[in-house]
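Chain residues, written in single-letter form:
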Amino acid sequence: MMKFAAICHMYKAVKFPLRCLMSARHLTMVNIPVTNNIKLVTSSENPLKTACNPYLKDPSKNNEEAQRHSKVRVITSENERPVALVLSWMLAKERHVAKFSKFYVSNGFDVINVNVSPKQLLFPVTGSQVIAADLLKFLYTNKELKPKVVHGFSVGGYVFGEVLTHVRNQPNSFRPVLDSISAQVFDSAVDFEGIPAGLSRAMFPKLVPLRVAMEAYIRYHMKVMQNKATTHYMQSSMSFHGTIVKAPALFIYSKADPIGTEEGNLRLKESWENAGIQVQTKCFEKSPHVSHFYHHPEEYSTELVSFLAQCGLVPQNFQTCVSKMKEKL
């Protein structure tokens, strides 16, 4: 534990002393659309000023090429601001994701929430890869926003793999965007082989016949669309397993999860530890996919807040934070 704490201290956010948790009753969050898949969540007590949807800056493209991409807002801030990247699970309801956003905002973070649709996952070249590029270009454009923690759920692990692939392809431009990350949390992370079961279950959680039919279609899609889909899933997986982000990590998963499997998470843990990354795990026995907090709020809250405290991102008196977190989540 001492060794892990020492490693975390190396990544500690010394430039961003975080406020103590504010009362949830007095916290008002402001949602700022960035693109259709990305939004910035901030506190009304510490608002950000935004310009009116200029084009994203892309250092790798000329002006004509850049204008083919989405328009986003440019943020105006006098100070650097710590950011939590919350990468949502497939078809997540906004009120559920908002609970995690509220936890981070109450600890002095701004939150960038990223989501991906089924179509964008099935056709990554025009879908998820565009989202990953837009996220990086938004952070490149707004250098005051400093990512400190990545909190990915399920398909969020794949999305982060696409982000890492984009950074590998343009390291001089985008590598500094990720250098400020101090902690990584992945809840029910899914590798590419879990896409058929995971996507079909997200689309049809209760209609078993439709779920079975959709899973069969997705497997067929991955077979016939090898060059347009599966190859990109595999590249994202390789980038995720060989991540260039060396910050400490926490993996949360369940033995009973058929999508974000225990075996898959342990393989990822081994890959990251071989690369010198400190990894903690929290494995539940029976909780379903992306439902670990719902079924185990006390354990989940304690594990998450303790980990973030070790990384210097929330106050050290984490028992108080746990009760506050449960109030928010």
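Position numbers for residues count from 1 along each chain, tracking the sequence in the order it is written. Since the coordinates come from a predicted model, pLDDT governs what is reported: local features require at least 70, and pairs of side-chain atoms require 80 or more to be given and counted, while whole-chain, interface and lining totals use all residues. Computation of side-chain values: all heavy atoms of the structure, hydrogens and water removed.

1. Considerations on the nonpolar core
Filter applied, for reference: We define a nonpolar core as any set of buried Ala, Val, Leu, Ile, Met, Phe, Trp, Tyr and Cys residues linked to one another through side-chain atoms lying within 4.5 Å. To sort residues, take the accessible area from a 1.4 Å probe on protein chains only and compare it with the maximum for the residue type: under 20% means buried, over 50% means exposed, and anything in between is partly exposed. Two residues qualify as a contact provided that any one of their heavy atoms is within 4.5 Å of a heavy atom in the partner residue.
If you look at the biggest cluster of nonpolar residues, it comprises 54 residues, and the most contacted ones within it are Ile 112, Phe 160, Leu 178 and Trp 272. Residues in contact with Ile 112, not counting those within four places in the same chain, are Ile 38, Lys 39, Leu 40, Val 83, Ala 84, Leu 85, Val 86, Leu 135, Phe 138 and Leu 139. In this structure, Tyr 104, Phe 109, Val 111 and Val 305 belong to the second largest nonpolar core, which totals 30 residues.

2. Observations regarding the pattern of salt bridges
Operational definition: Here, a salt bridge means any side-chain nitrogen of Lys or Arg that lies within 4 Å of a carboxyl oxygen of Asp or Glu. Each helix is a run of H or I in the DSSP string that is no shorter than four residues. Each strand is a run of E no shorter than two, and both are numbered from the N terminus.
If you walk through the whole model with that rule in mind, you get nine salt bridges. For Lys 137, the salt bridge goes to Asp 134, with nearest N and O atoms at 3.9 Å. With Lys 137 and Asp 134 both in helix α5 (residues 128–141), this residue pair falls three residues apart, about one helical turn. Residues Lys 137 and Asp 134 agree in their burial class; the two are buried. The shortest N-O distance in the salt bridge between Lys 269 and Glu 273 comes to 2.9 Å. Residue Lys 269 and its partner Glu 273 are located together in helix α11 (residues 262–274), separated by four residues, close to a single helical turn. Accessibility expressed as a relative area gives 36% for Glu 273, which makes it partly exposed.

3. With respect to the packing of helix α6 (residues 156–169) against helix α7 (residues 171–178)
The criterion, for reference: Here an angle of 0 to 180 degrees is reported between the N-to-C directions of two axes, which are lines fitted to C-alpha atoms, with helices fitted over the stretch in contact. Under this scheme an angle from 65 to 115 degrees is roughly perpendicular, one under 35 degrees roughly parallel, and one over 145 degrees roughly antiparallel; angles in between are oblique.
Interhelical geometry of α6 versus α7 gives an angle of 135° and a closest axis separation of 6 Å. Here α6 lies oblique to α7, going by the angle between them. Facing Val 163, Leu 164, His 166, Val 167, Arg 168 and Asn 169 of α6, the residues of α7 in contact are Pro 171, Phe 174, Arg 175 and Leu 178.

4. Description of the packing of helix α3 (residues 94–106) against helix α13 (residues 297–310)
Put simply, the rule is: Crossings are sorted by hand: turned counterclockwise from the far helix by less than a right angle, the near helix makes the crossing left-handed, and turned clockwise it makes it right-handed. Here the term charged refers only to Asp, Glu, Lys and Arg, the term nonpolar to Ala, Val, Leu, Ile, Met, Phe, Trp, Tyr, Cys and Pro, and the term polar to all other amino acids, Gly among them.
Following both chains from N to C, one finds α3 and α13 inclined at 35°, their axes separated by 13 Å at the closest point. Two packed elements cross with a definite hand, and for α3 against α13 that hand is right-handed. Here α3 contributes Phe 100, Phe 103 and Tyr 104 to the contact with α13, which in turn contributes Tyr 300, Leu 304, Val 305 and Leu 308. A class-by-class count of the residues in the contact of α3 with α13 yields seven nonpolar, no polar and no charged.

5. Here's the deal with α7
Quick reminder of the rule: The arc in question is traced by the directions running from the helix axis to the C-beta atoms.
Buried within α7 are the following residues: Ser 173, Phe 174, Val 177 and Leu 178. Here the buried residues of α7 occupy an arc of 110° about the axis, which is enough to place them on one side.

6. Focus on a positive patch on the surface
Put simply, the rule reads: Exposure above 30% relative accessible area and the absence of a salt bridge qualify a residue for a patch, where like charges join within 9 Å and nonpolar side chains (Val, Leu, Ile, Met, Phe, Trp, Tyr) within 5 Å. Residue burial considers only the protein chains on display, and all accessible areas are found by Shrake-Rupley using a 1.4 Å probe. In this tally, Lys and Arg are treated as positive and Asp and Glu as negative; His is ignored, and so are the chain termini. One atom stands in for each charge, and that atom is NZ of Lys, CZ of Arg, CG of Asp or CD of Glu.
Judged by side-chain charge, Lys 93, Arg 95, Lys 99 and Lys 206 come together as a positively charged surface patch. Structurally, Lys 99 is set in helix α3.

7. Some thoughts on the confidence of the model for the protein
As a note on interpretation, predicted positions should not be read in detail where pLDDT is low. Inclusion rule: You can read pLDDT as the predictor saying how much it trusts each residue, on a scale of 0 to 100.
Put simply, the protein has an average pLDDT of 84, and 79% of its residues get 70 or more. Counting interchain partners and residues more than four positions distant, the pLDDT-below-50 stretch residues 63–70 has 11 contacts.

8. Some points on the pairing of strand β2 (residues 38–43)
Remark: a regular strand shows side chains that alternate across the two faces of the sheet. As a reminder, the rule being used: Should DSSP find at least two bridges between two strands, the strands are regarded as paired.
Most of β2 is tucked away: six of the six residues are buried. On β2, burial covers both faces: Ile 38, Leu 40 and Thr 42 on one face and Lys 39, Val 41 and Ser 43 on the other are all buried. Bridge count between strand β1 (residues 29–33) and β2: five bridges; the pairing is antiparallel. Bridging across to β2, Ile 32 finds its partner in Leu 40. In this antiparallel pair of consecutive strands, β1 and β2, the connection spans four residues.

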